[in-house]
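Residue-level structure breakdown
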2 protein chains.
Amino acid sequence: METLRERKKQRTRDALLRSAVELFTTRGYERTTVDDIAAAVDVSQRTFFRYFAGKDEAALALHDLVTERFIEAVRARPAHEAPMEALRRAVLGSWDTLNEIVEEVVPLEWFLRMYRVIEETPVLLAAHLRHSEETEETIARVLAEREGLDMDADPRPRLAVAVFGAVMRVTERQWTRREDFDLEAMRELTITYLEQAGPALTDSWRTH
Amino acid sequence: METLRERKKQRTRDALLRSAVELFTTRGYERTTVDDIAAAVDVSQRTFFRYFAGKDEAALALHDLVTERFIEAVRARPAHEAPMEALRRAVLGSWDTLNEIVEEVVPLEWFLRMYRVIEETPVLLAAHLRHSEETEETIARVLAEREGLDMDADPRPRLAVAVFGAVMRVTERQWTRREDFDLEAMRELTITYLEQAGPALTDSWRTH
DNA sequence: AGGCTAATGACAGCCGCTGACAATTGACAA
DNA sequence: TTGTCAATTGTCAGCGGCTGTCATTAGCCT
């Protein structure tokens, strides 16, 4: 961020991202063309593609930002915590600092609404799931290192993270369909779903 | 399959699917255009899109076929089995009858190689993950009905299926990267990974 | 001030995909 | 058998995402 050039680049990127998210959350993803976004920032379409690999990358950019913070949060967890507990605390912690990160670029409101856009748009949901898998691979490596394991020989890190991710995905999905669609509700849902995941696998579901 | 018309339709669909899979597994997905596929069957590009909603649907069609059988297998499981056990037996059973289903359209070899193509091609992997999530929703409904639960009030069916699906995804992914890339190896991996998933969540990973 | 390099715009073109309409071909009854 | 109806296909035109190329502009550095 030193030179004028770098500041200018950052500003156009932010402007593109802002316009993209605004258009996606109002007009919808499919009904927004890349030309629309570029025009809103008064930039050529070609320039858009120099900042984002594709239309979908612009839609998921905020998410990726938050995800990075989550990964760092996992890394920052004390080594004595059990893996699943570390993941649990890392997510919940991320939700706390989320506000600050997001609002440097767009209003929190827009970020939340993007969740629903993603969930409603097949191609975006697909891309989102793929990103999530990549994230899981990264986190599995973090956990493996924490515990001193070789991931190529021991599948447990990947398995644990995949299971955790699965629970989080169900949480996310159900959350976006709720009336109380805010951070506090997400927090509660996350906690209860993580609690119920274990029993759901082992216990009988039929009421005793 | 009664009338000539229906038989003809089935034949062109099969031919398109066969050509698509052959081209994808040899030339690669991205390097194969829809025009290539249509030309190989001597049909217009427009006709291809009348049979497949998109290029990716043709790439995942075989997989969807197998998935349907898996869902039926779950439905067919005796009601006294615990949910996770029913899923486990259903998958393993599916792998047994897989051969017959697939070989009605393409050689089994092609089907297996498509796994790697999917895993290597970001856009295909994304679509595959989305399909998997839809499958999980369906299966959750099946389990909920088996156990007499209301999915809207009780998250356990979705959670259990999501966790099961997560383990299967890790299995799939690791399997495609192995030397012994055949059905028998997949069988073994599935069994051991499903065994290790539980302990991976609760036990300490550090050697005692 | 002037040369260097990075960022942008303009243009052409490929590919996936869709709508519309005309032509063809099988189904079915008179 | 033939004529009518409906389903299948081909053709064409066009949009939108995305990329390569090259000329132009604008910040950087001595």
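The paragraphs below set out a description of the structure included in this document. (Residues numbered from 1 in each chain as written. Chains lettered and ligands numbered in written order. Predicted model: local features only at pLDDT ≥ 70, side-chain atom pairs only at ≥ 80, totals over all residues. Heavy atoms only, no water.)

**Regarding the protein's contact with DNA strand D**
Operational definition: Definition of nearness: a residue and a molecule or strand are near each other if at least one heavy atom of the residue lies within 4 Å of the molecule or strand. Here a polar contact is taken to be a pair of N or O atoms separated by no more than 3.5 Å, where protein atoms must pair a possible hydrogen donor with a possible acceptor and residues adjacent in sequence count only if both atoms sit in side chains. Secondary structure elements are defined from DSSP: runs of H or I of at least 4 residues count as helices, runs of E of at least 2 residues count as strands, and each element is numbered from the N terminus.
Around DNA strand D lies a shell of 23 residues, among which A:Thr3, A:Lys8, A:Lys55, B:Thr47 and B:Arg50 are the nearest. Backbone atoms, meaning sugar and phosphate, form 55% of the atoms of DNA strand D found within 4 Å of the protein. Between A:Arg5 and DNA strand D, the recorded distance is 3.0 Å, taken from a side-chain N or O atom to a base nitrogen. A:Thr32 places a main-chain nitrogen or oxygen 3.5 Å from a phosphate oxygen of DNA strand D. For the surface near DNA strand D, the secondary-structure elements that each account for two or more residues are α1 (4-26) and α3 (45-51) of chain A together with α1 (4-26) and α3 (45-51) of chain B.

**With respect to the protein's contact with DNA strand C**
Around DNA strand C, 23 residues are found, and the nearest of them are A:Thr47, A:Arg50, B:Lys8, B:Arg46 and B:Lys55. For DNA strand C, the fraction of atoms within 4 Å of the protein that belong to sugar or phosphate moieties is 55%. Between DNA strand C and A:Arg50, the relevant distance is 2.7 Å, taken from a base oxygen to a side-chain nitrogen or oxygen of the residue. A distance of 3.1 Å separates a phosphate oxygen of DNA strand C from a polar backbone atom of B:Val34. Breaking the surface near DNA strand C down by element, the ones donating at least two residues are α1 and α3 of chain A together with α1 and α3 of chain B.

**Regarding helix α4 (residues 55-75) of chain B**
Spelled out, the test is: Here, expected helix span is obtained from the residue count minus one, scaled by 1.5 Å. Throughout, bend refers to the angle between the axes fitted to the seven residues that end at a position and the seven residues that start at it.
Spanning 21 residues, α4(B) covers 31 Å between terminal C-alpha atoms, matching the ideal 30 Å at 1.5 Å per step. The sharpest bend along α4(B) measures roughly 45 degrees and falls at B:Ala61.

**Quick word on helix α6 (residues 108-120) of chain A**
Residue and element names in this part refer to chain A. This is how the line gets drawn: Note on exposure labels: buried denotes an accessible area under 20% of the residue type's maximum, exposed denotes more than 50%, and partly exposed covers the range between, all computed with a 1.4 Å probe on protein chains only. Only heavy atoms enter the contact rule, under which two residues are in contact if any of them lie within 4.5 Å.
Taking 1.5 Å per residue as the helical rise, α6 with its 13 residues ought to reach 18 Å, and the 19 Å between its terminal C-alpha atoms agrees with that figure. Those residues of α6 that sit buried are Leu-108, Trp-110, Phe-111, Leu-112, Met-114, Tyr-115, Val-117, Ile-118 and Glu-119. Packing partners of the buried residues in α6 comprise α1, α4 (55-75), α5 (83-102), α7 (122-147), α8 (156-176) and α9 (183-202).

**Some points on the relation of the copies chain A and chain B**
Applying a rotation about an axis and a shift along it to one chain copy brings it onto the other copy. Filter applied, for reference: The copies were overlaid by least squares, fitting only the C-alpha atoms of residues that reach a pLDDT of 70 or more in each copy.
Turning chain A through 180 degrees and shifting it by 0.0 Å along the axis lays it on chain B, with an RMSD of 0.0 Å. On this basis, the relationship between the two copies can be described by a two-fold rotation axis. An overlap of 100% is found between the interface residues of chain A and their copies at the interface of chain B, pointing to a shared contact surface.

**Some words on the environment of A:Gln174**
Relative to the elements of secondary structure, A:Gln174 occurs in helix α8. For A:Gln174, a relative accessible area of 15% corresponds to the buried category. When the C-alpha positions of A:Gln174 and A:Leu189 are compared, they lie 8.6 Å apart, and in sequence the two are 15 residues distant. Once residues lying within four places of it in the same chain are set aside, the contact partners of A:Gln174 are A:Leu189, A:Tyr193 and B:Arg158. Among the polar contacts made by the side chain of A:Gln174, one reaches the side chain of B:Arg158 at a distance of 3.4 Å.

**Some thoughts on the pattern of salt bridges**
Quick note on the threshold: Here, a salt bridge means any side-chain nitrogen of Lys or Arg that lies within 4 Å of a carboxyl oxygen of Asp or Glu.
Counted according to the given criterion, the structure contains 36 salt bridges over all chains. Of the charged contacts in the structure, one is a salt bridge between A:Glu81 and A:Arg89, with a shortest N-O distance of 3.4 Å. Residue A:Arg89 is classed as partly exposed on the basis of its relative accessible area of 41%. Its salt-bridge partner being B:Arg156, residue B:Asp154 comes within 2.7 Å of it at the nearest N-O pair. Across the pair, B:Arg156 and B:Asp154 agree in class, each one buried. Residues joined in a network through salt bridges with shared partners are A:Arg77, A:Glu81, A:Glu85, A:Arg88 and A:Arg89.

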